[in-house]
Amino acid sequence: MSTYTLRAKHRRSTLRTLAFLSPWLIGFTVFFAYPLLSTVYFSFMHYDGFKPPSWTGTKNWTYVFAHYPMFWPALRNTLWLVAIMVTLRVAFGLGVGLLITKIKTGTGVFRTLFYLPYLAPPVAATMAFAFLLNPGTGPVNSLLGSIGLPTPGWFNDPTWSKPALTLLALWGIGDLMVIFMAALLDVPKEQYEAAELDGATPWQRFRYVTLPNISPIVMFAVVTGVIQTMQYYTQPLIAGKVASGVIQGAGTLFEPGYPDKSTLTLPQLVYNLGFQRFDYGSACVVALVLFALSMAFTALLMRRKGGLINAGDR
């Protein structure tokens, strides 16, 4: 076979491969590569959405990291939510899944009761929680006070606002419950029987049988939980608005983060800077920080392959 024929065959193979890859390549370029490169470009520009962008160098980066008072509280809050909320959601979802798989009767009823809160719209669910946890008139504090327990300020107290958001996240645990139930039901029963014959305790059966078998699902829950929490926007914003009593109308500028910047998250800064202050360059800087943190967390988790998830293998 001649060299020309080999080259022609190789060219046809390459074109055929590119044709099959073209839907993905177009989607990747339009919805990921172009927006990412544009965000990097605008992070070095002064752009208000009306006048043409002008080069400012690193002024946007300096402003966000050194002079914008909301950035560091938002970063701390976001990292707190990633560390605490994601951990508790995974643990609680796994616990509920284990509980329901062990129940002999009424499994469908309990599964429905735990899953229904997940279907509630985020705005409605947050407003309901803000009412329930109202420190003055909410039924939760009334119940706690009637039995002699402390009555926190919840969404009106900077110390309790993030725990209140965590309770809201745990209330809507239905998605993780269903995922973990499917994984738990796929664990081979023969392994449990062999462990029982060896005299393994319930904790040992969970650690050395259950956990190794469901570790890919736990990894999936952790990674997706981190990514979703890095995009946490609606619930803290609505909770702050409802708790503050601010009625936002035309011409009203609501500064997110009530109370005392404790519910402020990085996605809120992107909206605040870009669509309320028309500072698209600084908003792009915050968006790139979010992207870098999401990539770093995901890479770390995938590199460790769960760390504590695969504790049963050690």
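Right above here is the structure, for reference.
Below: a short report on this structure. (Residues numbered from 1 in each chain as written. Predicted model: local features only at pLDDT ≥ 70, side-chain atom pairs only at ≥ 80, totals over all residues. Heavy atoms only, no water.)

## Some points on the overall build of the chain
Okay, step 1: When its secondary structure is counted, the chain shows 13 helices and two strands.
Okay, step 2: In terms of C-alpha radius of gyration, the chain reaches 25 Å, well past the compact-globule figure of 20 Å for 314 residues.
Okay, step 3: Along the longest, intermediate and shortest principal axes, the C-alpha atoms of the chain span 70 × 70 × 35 Å.
Okay, step 4: The 314 residues of the chain split such that 37% are buried.
Okay, step 5: Long-range pairs, those at least 24 residues apart, make up 67% of the contacts in the chain between residues at least 6 apart in sequence.
Okay, step 6: Surface summary for the chain: the accessible area is close to 18300 Å², and the carbon and sulfur share equals 68%.
Okay, step 7: Charge-centre separation for the chain: the mean point of 23 positive side chains lies 12 Å from the mean point of 12 negative side chains. (Helix = DSSP H or I, 4+ residues; strand = E, 2+ residues; numbered from the N terminus. Rg over C-alpha atoms; globule rule 2.2 N^0.38 Å. Buried < 20%, exposed > 50% of the residue type's maximum accessible area, 1.4 Å probe, protein only. Contact = heavy atoms within 4.5 Å. Areas by Shrake-Rupley, 256 points an atom, 1.4 Å probe, with all protein chains shown as cover. Lys, Arg positive; Asp, Glu negative; His and termini not counted. Charge placed at Lys NZ, Arg CZ, Asp CG, Glu CD.)

## Side note on the packing of aromatic side chains
Okay, step 1: Applying the stated criterion across every chain, the model contains 21 aromatic pairs.
Okay, step 2: Ring plane angle 35° and centroid distance 6.0 Å describe the contact between phenylalanine 44 and tryptophan 61, whose orientation is recorded as tilted. Remark: tryptophan 61 occurs in helix α2 (residues 59-67) and phenylalanine 44 occurs in the loop between α1 (3-42) and β1 (45-46); sequence separation between them is 17 residues.
Okay, step 3: Given a relative accessible area of 23%, phenylalanine 44 falls into the partly exposed group.
Okay, step 4: Of the residues examined, tryptophan 61 reaches a relative accessible area of 23% and is grouped as partly exposed.
Okay, step 5: An aromatic cluster is present here, built from Tyr41, Phe42, Tyr47, Tyr233, Tyr271, Phe275 and Tyr280 joined pairwise through their rings. (Phe/Tyr/Trp six-rings, centres within 6.5 Å; stacked < 30°, edge-to-face > 60°.)

## Brief notes about the packing of helix α9 (residues 189-197) against helix α10 (residues 202-230)
Okay, step 1: Here α9 crosses α10 at 165°, and the two axes come no closer than 10 Å. In terms of their interaxial angle, α9 and α10 are classed as roughly antiparallel. The element α9 and its partner α10 pack so that their crossing is right-handed. Across from Gln191, Tyr192, Ala195 and Glu196 in α9, the residues of α10 making contact are Arg205, Val209, Thr210 and Asn213.
Okay, step 2: Of the residues in the contact of α9 with α10, the class split is three nonpolar, three polar and two charged. (Axes fitted to C-alpha atoms, helices over the stretch in contact; angles between N-to-C directions. Parallel < 35°, antiparallel > 145°, perpendicular 65-115°, else oblique. Left-handed = near helix turned anticlockwise from the far one by under 90°. Nonpolar A, V, L, I, M, F, W, Y, C, P; charged D, E, K, R; others polar.)

## Things to note about a positive patch on the surface
Okay, step 1: A cluster of like positive charges, contributed by Arg7, Lys9, Arg11, Arg12 and Arg16, occupies part of the molecular surface.
Okay, step 2: As for its placement among the helices and strands, lysine 9 is situated in helix α1. (Patch = residues over 30% accessible without salt bridge, like charges linked within 9 Å, V, L, I, M, F, W, Y side chains within 5 Å. Salt bridge = Lys/Arg side-chain N within 4 Å of Asp/Glu carboxyl O.)

## With respect to helix α5 (residues 122-132)
Okay, step 1: Buried within α5 are the following residues: Ala125, Thr126, Phe129 and Ala130. Projected onto a plane normal to the axis of α5, the buried residues spread over an arc of 135° and lie on a single side.
Okay, step 2: Where the residues of α5 are buried, they touch α7 (161-171) and α11 (234-244). (Arc of directions from axis to C-beta.)

## A word on the pattern of salt bridges
Okay, step 1: Inspection of every chain in the model, using the stated rule, returns two salt bridges.
Okay, step 2: Across the pair aspartate 175 and arginine 89 runs a salt bridge whose closest N-O atoms are separated by 3.2 Å. Placement of the pair is aspartate 175 in helix α8 (residues 174-185) and arginine 89 in helix α3 (residues 71-102), with a sequence separation of 86 residues.
Okay, step 3: Its salt-bridge partner being glutamate 255, residue arginine 277 comes within 2.5 Å of it at the nearest N-O pair. Here glutamate 255 lies in the loop between α11 and α12 (266-276) and arginine 277 lies in the loop between α12 and α13 (280-304), a separation of 22 residues in the sequence.
Okay, step 4: Glutamate 255 sits in the partly exposed class, given a relative accessible area of 30%.

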